[in-house]
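# Observations on the model geometry
The residues making up each chain are set out below.
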Amino acid sequence: MTQGFVKFWKAEKGWGAISSPALPPGRDAFGHFSEVVGTGYRVLEEGDEVEFDLVKQKQDSFDYVAVNIRKL
């Protein structure tokens, strides 16, 4: 698993960006609420520390996608 932090999160849209030293400089991973591990309303806040699996996959302007996101 990779560790990082939530750069921003658009709760009304259900997605955001996650930064990590494991990513190339200047790159962030796309995160979607459906990949946040938990039940009920799943939301993250800017600055939250998280761990996740990183997938190299194009999603809009992102080159990486975070899956299995867990808040630390």
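Predicted, not measured: the structure shown is a model, and the values here were computed from it.

### Section: the pattern of salt bridges
On inspection of all chains with the given rule, the structure shows 4 salt bridges. The residue aspartate 63 makes a salt bridge to lysine 58 at a minimum N-O spacing of 3.1 Å. Taking the relative accessible area as the measure of exposure, aspartate 63 reaches 18% and is therefore buried. Using a relative accessible area of 55% as the deciding quantity, one classes lysine 58 as exposed. Overlapping salt bridges bring together Arg27, Lys58 and Asp63 as one network.

### Examining unusual backbone geometry
Look at aspartate 60: it is not a glycine, yet its phi comes out positive at around 55°. Mapped onto the secondary structure, aspartate 60 falls in the loop between strand S4 (49-59) and strand S5 (62-71). Overall, the relative accessible area of 61% leaves aspartate 60 in the exposed class. For asparagine 68, which is not glycine, the phi torsion reads 50° and is therefore positive. When you line up the elements, asparagine 68 lands in strand S5. Classification of asparagine 68 as partly exposed rests on a relative accessible area of 34%.

Calculation criteria
- Residues numbered from 1 in each chain as written.
- Predicted model: local features only at pLDDT ≥ 70, side-chain atom pairs only at ≥ 80, totals over all residues.
- Heavy atoms only, no water.
- Salt bridge = Lys/Arg side-chain N within 4 Å of Asp/Glu carboxyl O.
- Buried < 20%, exposed > 50% of the residue type's maximum accessible area, 1.4 Å probe, protein only.
- Helix = DSSP H or I, 4+ residues; strand = E, 2+ residues; numbered from the N terminus.

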